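# Geometric and topological summary
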Amino acid sequence: MTEADVTGDGKMPTTRRGEHLTGWAFAAPFAVLFALFLVVPAVYGLYLSFTGETLTGSGGSVIGFANYAEALTDPDMWHSLGNTLWFTVLSTVPLVILSLAFALLVNLGLPGRWLWRLSFFLPYLLASTVVVMFWSWMYNPKLGLINGALAEFGIGPVAWLQDPKVAMISVVITTLWWTIGFNFLLYLAALQNIPEQQFEAAAIDGAGKWRQLFSIVIPQLAPTTGLILTLQILASLKVFDQIYMLTNGGPAGSTRSLVQYIYESGFTGYRFGYSSAISYLFFAIIVLVSLAQYKLINRRSAA
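Structure report, in brief. (Residues numbered from 1 in each chain as written. Predicted model: local features only at pLDDT ≥ 70, side-chain atom pairs only at ≥ 80, totals over all residues. Heavy atoms only, no water.)

### Considerations on the overall build of the protein
Scanning the protein from N- to C-terminus turns up 13 helices and zero strands. Counting from the amino terminus, helix and strand elements in the protein follow one another as α-α-α-α-α-α-α-α-α-α-α-α-α. Principal axes of the C-alpha set define a box for the protein whose edges measure 85 × 65 × 35 Å. Out of the 303 residues belonging to the protein, those deemed buried represent 34%. Sequence separation of at least 24 residues holds for 63% of the intrachain contacts in the protein that already meet a minimum separation of 6. Here the protein displays about 18,100 Å² of accessible surface, and carbon together with sulfur accounts for 70% of that area. Across the protein, the 15 positively charged side chains and the 15 negatively charged ones have centroids separated by 5 Å. (Helix = DSSP H or I, 4+ residues; strand = E, 2+ residues; numbered from the N terminus. Buried < 20%, exposed > 50% of the residue type's maximum accessible area, 1.4 Å probe, protein only. Contact = heavy atoms within 4.5 Å. Areas by Shrake-Rupley, 256 points an atom, 1.4 Å probe, with all protein chains shown as cover. Lys, Arg positive; Asp, Glu negative; His and termini not counted. Charge placed at Lys NZ, Arg CZ, Asp CG, Glu CD.)

In C-alpha cells:
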C-alpha cells in the first residue's frame, strides 16, 4: 500500500476499502470450502491420530503417541510401505523414459500426429474402473488375450494377478498403459517449444541427430523432466485404485500399498486413530521426498 492509498487521518479511502471487500467477497466461497473440506478434516485427523478412536465411536480418549509408536513397529505397515516404494520405482522410470521416447518419435514429423496424440492420451481419460475391467480380462489366466498370444509362441499360461512374483509387474503395466499419455503430452509440448534455430545452428556445426539429442533436446527438457518426475513420484506413492481393484493387495499382500493398508486399518479394522497416525507418517514421508526432489532439481538448475 502506497501513501496515495491512505488519507490524511491514516484511514484507507472508501474506494480502496470497497475494492478490498469485493476481493474478499470473491475469495470467500473458496476459502469457506477450503476450510470445511481440507483444513478442518486435516486438523481433526491429526487429533484422531492421538486417540484410540474406532469406527464404532468408542475409545476416543487421548492416548498420546501410542499409535505412532505402534505404527513404527508394525511389520505390515513397513511391508506395505515397501510395496509402495517398489511400485514407485517400477512405474516412474518407464513412465518418464517411454513418454520421452514416444514424444521424440511423434515430434520427428510422423504422419497423422493428431492421431498419435489422441491414441496415447485417450486411455488417461478413462475411469479407473474401466481400465481395471479391461486389464482384468486381458490378464485372465485361461481366456485372457495376453496368455492367448503367449500360447502362439508355445509359452504356458501365466497367473498375472495370482502369482506374487508377477502381480506387481502386472499392476505396473496397467498403470503404464493408463497414465503414460499425460507425460507424453507434456514432453511433446516442451519439444515443440524448442527453437528450430538451435537445431539449424548445430547442424551447420556438424552435429548429428544423436549429438543434438544429448546437447540440445535433453538439456532443454530438464525443467519438464523435473516436473514429470515430481508429479509421477507423488502419484505413485499415493497409488490405490488400480491395485485395490486388480488384486485387492494380494496375492499374500505382495501388492498391498500403504494407502490400502491405511484404508483397511480404518474401515476394516475399525481403528480410526491408528489409521490416522499412519496417514500422517506417510504424509511426512511424502513431504520429505518432495523437499529432497525440489532441492535436487534446483541444484541441477543452478549448475
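Now that the structure has been shown, the text picks up again.
### Section: the packing of aromatic side chains
In this structure the tally under the stated criterion is 21 aromatic pairs. Ring geometry for Phe 102 and Phe 120: centres 4.8 Å apart, planes at 20°, overall stacked. Taken together, the residues span a long stretch of sequence, with Phe 102 in helix H3 (residues 75–107) and Phe 120 in helix H4 (residues 113–121) at a distance of 18 residues. In this structure an aromatic cluster arises from ring pairing among Phe 134, Trp 135, Tyr 139, Trp 160 and Trp 177. For Arg 271, the ring lying beneath its charged end belongs to Tyr 274, and the centroid distance is 4.4 Å. (Phe/Tyr/Trp six-rings, centres within 6.5 Å; stacked < 30°, edge-to-face > 60°. Lys NZ or Arg CZ within 6 Å of the ring centre and 35° of its normal.)

### Considerations on the nonpolar core
With 20 residues, the main nonpolar core has Phe 87, Trp 135, Tyr 139, Val 171, Val 172 and Leu 246 as its most contacted residues. Mapped onto this core, the elements with two or more residues apiece are H3, helix H5 (128–138), helix H7 (167–192) and helix H11 (241–246). Element by element, the count of residues in this core is highest for H7, at six residues. If we skip the residues at most four places from it in the chain, Leu 246 touches Val 132, Ser 136, Leu 161, Val 171 and Thr 174. By size, the runner-up hydrophobic cluster in this structure holds 18 residues, among which are Val 106, Tyr 187, Leu 191 and Val 217. (Core = buried A, V, L, I, M, F, W, Y, C linked by side-chain atoms within 4.5 Å.)

### Brief notes about a nonpolar patch on the surface
Together, Leu 55, Tyr 244, Met 245, Tyr 263, Phe 267 and Tyr 270 make up an exposed nonpolar region whose accessible area comes to about 550 Å². Residue assignment for the nonpolar patch shows that the elements contributing at least two residues are H11 and helix H12 (258–268). Of the residues examined, Tyr 270 reaches a relative accessible area of 44% and is grouped as partly exposed. (Patch = residues over 30% accessible without salt bridge, like charges linked within 9 Å, V, L, I, M, F, W, Y side chains within 5 Å. Salt bridge = Lys/Arg side-chain N within 4 Å of Asp/Glu carboxyl O.)

### Looking at the packing of H7 against helix H10 (residues 222–237)
At a minimum axis separation of 10 Å, H7 and H10 run at an interaxial angle of 165°. The orientation of H7 relative to H10 falls into the category roughly antiparallel. Of the two possible hands of crossing, H7 and H10 adopt the one that is right-handed. Residue-level contacts link Phe 182, Asn 183, Leu 186, Tyr 187 and Ala 190 of H7 to Thr 224, Thr 225, Ile 228, Leu 231 and Gln 232 of H10. Looking at the contact of H7 with H10 residue by residue, the class counts come to six nonpolar, four polar and no charged. (Axes fitted to C-alpha atoms, helices over the stretch in contact; angles between N-to-C directions. Parallel < 35°, antiparallel > 145°, perpendicular 65-115°, else oblique. Left-handed = near helix turned anticlockwise from the far one by under 90°. Nonpolar A, V, L, I, M, F, W, Y, C, P; charged D, E, K, R; others polar.)

### Quick notes on the pattern of salt bridges
Applying the stated criterion across every chain yields a total of three salt bridges. One connected set of salt bridges, linked through shared partners, spans Asp 76, Arg 256 and Glu 264.

### Regarding the environment of Leu 100
Topologically, Leu 100 is positioned in helix H3. The sequence separation of Leu 100 and Leu 191 amounts to 91 residues, and the corresponding C-alpha distance is 9.6 Å.

### Quick notes on the environment of Ser 80
Turning to its location among the elements, Ser 80 is positioned in helix H3. Separated by 20 residues in the primary sequence, Ser 80 and Gly 60 have C-alpha atoms spaced 26 Å apart. Among the polar contacts made by the side chain of Ser 80, one reaches the main-chain carbonyl oxygen of Asp 76 at a distance of 2.9 Å. (Polar contact = N/O pair within 3.5 Å; in protein donor to acceptor, adjacent residues only side chain to side chain.)

### Focus: H3
Compared with the 48 Å implied by 1.5 Å per residue over 33 residues, the 48 Å span of H3 between its first and last C-alpha is a close match. Its side-chain oxygen at 3.0 Å from the backbone nitrogen of Asp 76, Asp 74 defines the N-terminal cap of H3. Phi for Gly 109, located one or two positions after H3, is positive at around 105°. (Expected span 1.5 Å × (residues − 1).)

### Concerning the side chain of Asn 83
Counting through the fold element by element, Asn 83 comes out in helix H3. Side-chain polar atoms of Asn 83 contact the backbone oxygen of Arg 256, separated by 3.1 Å.

### Some words on unusual backbone geometry
The omega angle of the peptide bond from Gly 250 to Pro 251 is -5°, so this bond is cis rather than trans. Mapped onto the elements, Pro 251 comes out in the loop between H11 and H12. Of note in the backbone geometry, Asn 248 takes a positive phi value of approximately 55° without being a glycine. Residue position: Asn 248 is located in the loop between H11 and H12. Judged by its relative accessible area of 46%, Asn 248 falls in the partly exposed class. A positive phi is found at Ala 252, a non-glycine position, where the angle reads about 55°.

Scope: geometric values only; no functional claims are made or implied.
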